[in-house]
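# Per-entry structural report
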Amino acid sequence: MKRLYQMLEASNKGFPNGVHPFQMGTRLLEECGEIASEINLWEDSGIKRQKHGDPKKENIANEIRQAMVELMKIACYYHVENELEQSIEKSITQSRMEGLID
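Summarised in this report is the structure supplied together with it. Per chain, the residues get numbers from 1 upward, laid out in the order the sequence is written. Local features in this predicted model are restricted to residues of pLDDT 70 or higher, and side-chain atom pairs are both shown and tallied only at a pLDDT of 80 or more, whereas totals for entire chains, interfaces and linings draw on every residue. With hydrogens and water stripped out, all remaining heavy atoms of the structure feed into the side-chain values.

Take the packing of helix 2 (residues 21–42) against helix 4 (residues 57–77) next. Axis lines are fitted to C-alpha atoms, over the contacting stretch for helices. Their N-to-C directions set the angle, which ranges from 0 to 180 degrees. Runs of E in the DSSP output that reach at least two residues are strands. Runs of H or I that reach at least four are helices, and both are numbered from the N terminus. The geometry of helix 2 relative to helix 4 is characterised by a closest axis approach of 9 Å and an angle of 160° between their N-to-C directions. What the angle tells us is that helix 2 and helix 4 run roughly antiparallel. Once helix 2 is placed against helix 4, the crossing between them reads as left-handed. On helix 4, the residues touching Pro 21, Met 24, Arg 27, Leu 28, Glu 31, Glu 34, Ile 35, Glu 38, Ile 39 and Trp 42 of helix 2 are Lys 57, Asn 59, Ile 60, Glu 63, Ile 64, Gln 66, Ala 67, Glu 70, Leu 71, Lys 73, Ile 74 and Tyr 77. A breakdown of the residues in the contact of helix 2 with helix 4 according to their chemical character gives twelve nonpolar, two polar and eight charged. Note that the term roughly parallel is reserved for angles under 35 degrees, roughly antiparallel for angles over 145, roughly perpendicular for angles of 65 to 115, and oblique for everything else. Left-handed describes a crossing in which the near helix is turned anticlockwise from the far one by less than a right angle; the clockwise case is right-handed. The contact definition used throughout considers only heavy atoms, calling two residues in contact when any of these lie within 4.5 Å. Residues are sorted three ways: Asp, Glu, Lys and Arg are charged, Ala, Val, Leu, Ile, Met, Phe, Trp, Tyr, Cys and Pro are nonpolar, and all the rest, Gly among them, are polar.

Laid out in structure tokens, this is it:
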């Protein structure tokens, strides 16, 4: 989480006017669209490989990272960081109790 917060801080400093809810939501949707494009490339759907070449791990990882930063911006904007961390912990605890993870 600490590294996500660092990326969030850098993004906010780089784009100080882009921290309004609709801008964050729009950027999140844009990043999700770019992830979908990467999935199409990875799954060899349509003419993507002919047009863009073979998929690269760093490209899909970069798009996922960008979406995660936008999600963190939204969490911070609404001041739900603690609740987010609690929700993650609750999910992990529940998964352990169900024997899904160690």
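Now that the structure is up, let's keep going.
Positive phi outside glycine occurs at Asp 44, with the angle close to 55°. Relative to the assigned elements, Asp 44 resides in the loop between helix 2 and helix 3 (48–52). Classification of Asp 44 by relative accessible area gives partly exposed; the value is 46%. Positive phi values are uncommon outside glycine, yet His 79 reaches one of about 55°. Its location among the elements puts His 79 in the loop between helix 4 and helix 5 (81–97). Accessibility here uses a 1.4 Å probe with only protein chains present; expressed as a share of the type maximum, an area under 20% marks a residue as buried, one over 50% as exposed, and anything in between as partly exposed.

Before going further, it helps to examine the environment of Met 1. Structurally, the position occupied by Met 1 is in the segment before helix 1 (2–14). Look at Met 1 and you get partly exposed, because its relative accessible area is 36%. Spatially, the C-alpha atom of Met 1 lies 9.8 Å from that of Glu 81, the residues being 80 residues apart in sequence.

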